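Structural features, examined
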Amino acid sequence: MRTRAGGLRRSAALAVLLAGVAGASERTLTYTYTTDVLNPGDVELEPWTTVRLGKDQFFYRLDQRLELEAGVAEGFQVALYLNASSKLFDTGVGAERVRTNQFTWDGLSLEAKWKLMDSSADAFGLALYFEPTLASDEAELELKVLLDKRLDRLLFAANLVGEYEWGFGDVVLERELKLEVDLGASYQLTSSFAVGLEARSANVVPAGEGLTHATIFAGPVLSWRSKAVWAAASVMPQLVALTGPSPDLDEFERFQARLLVGFHL
């Protein structure tokens, strides 16, 4: 009887854990989005920090975003982002080498996310994501198709991403298409901790030039959550460049890392 009672208690605890995982809006992946959306009326504040390291010469870039996210209807949420970045990098060679520190205000972004299918109740989760960005010298339009599936403690996710950029800082208008495939999987170790792995295929197609850069990043991700706060962190080294020399240090960096933190307001 004791063994049976213990088994029932463990089963009940697991059911509570998995129910919490399935209904959670916290992120366990940093580059790969899931189809989860906030409930109507719920609000989150999410600081983002992305570190990019390594070019042919010294290079350090820090991207920062502050996101205010709100659920506005069943299966639909919106968000506002404030974007900024800072760079520390070397130019020149030998005695003429100069280290430059540069800060850039990267403008405002808006987000709309519409959940069409649920990752637990349906065969798979499906959502559409729309994000325009406007800065002083460029505009961007990003579209994503989000897919995911939850199987007990496991989460699998895939994103198909298209981003079109218009650069208008100079006299000549520059246009560029970025295509990306993001894949991620995470395993819920406990009600608070999850571990996972992410991979990204990042591709750049300048207008009139065809595919000029195609690179793959991959690395581990660790996440934690409590009732009011959650966090997820990943490291993503560049594994291989599929076009030109490898690694591709012209368009990309040797190493990226990202930290997301969410506060339920």
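Look up: the structure comes first, before these words.
Presented here is a report on the structure given in the accompanying data block. All of these numbers come straight from a predicted model, not from anything done at the bench.

**Some points on the overall build of the protein chain**
Within the protein chain, the regular secondary structure consists of one helix and 12 strands. Reading the secondary structure of the protein chain in the N-to-C direction produces α-β-β-β-β-β-β-β-β-β-β-β-β. Burial analysis of the protein chain (265 residues in total) assigns 41% to the buried set. Relative to all contacts within the protein chain whose residues are 6 or more apart in sequence, the contacts with residues 24 or more apart total 54%. For the protein chain, the accessible surface area stands at approximately 13,900 Å², while carbon and sulfur atoms represent 64% of it.

**As for the pattern of salt bridges**
Applying the stated criterion across every chain yields a total of 12 salt bridges. Taking the shortest distance from any N to any O, the salt bridge between Glu26 and Arg225 comes out at 3.6 Å. On the criterion of sequence distance, the pair formed by Glu26 in the loop between helix H1 (2-22) and strand S1 (43-53) and Arg225 in strand S10 (residues 213-225) is long-range, its members being 199 residues apart. Arg225 sits in the buried class, given a relative accessible area of 15%. Here the salt bridges share partners, and the residues they tie into one network are Arg52, Arg61, Asp63 and Glu253.

**Describing the sheet that holds strand S7 (residues 154-167)**
A barrel is described by the order of its strands in space; here 12 strands give the closed sequence S1-S2-S3-S4-S5-S6-S7-S8-S9-S10-S11-S12, paired in antiparallel fashion. Direction aside, the axes of adjacent strands within the sheet are offset by 20° on average. Where strand S8 (residues 174-188) lies against strand S9 (residues 193-206), 13 bridges are found, and the strand directions are antiparallel. Across the sheet, residue Leu179 finds its bridge partner in S9, namely Asn203.

**Describing the packing of aromatic side chains**
All chains considered together, the criterion is met by five aromatic pairs. On the numbers, 6.5 Å between centres and 40° between planes, the contact of Tyr33 with Trp48 is tilted. Here Tyr33 is found in the loop between H1 and S1, whereas its partner Trp48 is found in strand S1, with 15 residues between them in sequence. For the pair shown, Tyr33 and Trp48 are each scored as buried.

**Some thoughts on the nonpolar core**
Side chains of a nonpolar character, in soluble globular proteins, are inclined to be buried together. One finds Tyr33, Trp48, Ala79, Tyr81, Ala127, Tyr129, Leu146, Trp230, Ala232 and Leu260 forming the largest nonpolar core, which totals 10 residues. Counting only elements with at least two residues in this core, the list comes to strand S3 (76-91), strand S5 (125-134) and strand S11 (229-241). Other than its neighbours up to four places away in sequence, Leu146 contacts Tyr33, Thr34, Thr35, Lys113, Gly125, Leu126, Ala127, Tyr129, Ala158 and Asn159. Core analysis: the second largest hydrophobic core is formed by six residues, Tyr31, Ala202, Met236 and Phe252 among them.

**Notes on the pairing of S1**
Alignment of S1 against strand S2 (residues 59-73), held across 11 bridges, turns out to be antiparallel. Within the sheet, the bridge partner assigned to Arg52 lies in S2 and is Arg61. Count of turn residues in the S1/S2 antiparallel hairpin: five residues, of which Gly54 carries a positive phi of about 95°.

**Notes on the side chain of Glu131**
By the secondary structure assignment, Glu131 is in strand S5. Since its relative accessible area comes to 4%, Glu131 is described here as buried. In terms of polar contacts, Glu131 uses its side chain to reach the side chain of Arg65, at 2.8 Å. Beyond its immediate chain neighbours, meaning those up to four positions away, Glu131 contacts Arg65, Tyr81, Ser109, Leu110, Glu140, Leu141 and Glu142.

Calculation rules
Residues numbered from 1 in each chain as written. Predicted model: local features only at pLDDT ≥ 70, side-chain atom pairs only at ≥ 80, totals over all residues. Heavy atoms only, no water. Helix = DSSP H or I, 4+ residues; strand = E, 2+ residues; numbered from the N terminus. Buried < 20%, exposed > 50% of the residue type's maximum accessible area, 1.4 Å probe, protein only. Contact = heavy atoms within 4.5 Å. Areas by Shrake-Rupley, 256 points an atom, 1.4 Å probe, with all protein chains shown as cover. Salt bridge = Lys/Arg side-chain N within 4 Å of Asp/Glu carboxyl O. Pairing = 2+ DSSP bridges. Axes fitted to C-alpha atoms, helices over the stretch in contact; angles between N-to-C directions. Phe/Tyr/Trp six-rings, centres within 6.5 Å; stacked < 30°, edge-to-face > 60°. Core = buried A, V, L, I, M, F, W, Y, C linked by side-chain atoms within 4.5 Å. Polar contact = N/O pair within 3.5 Å; in protein donor to acceptor, adjacent residues only side chain to side chain.

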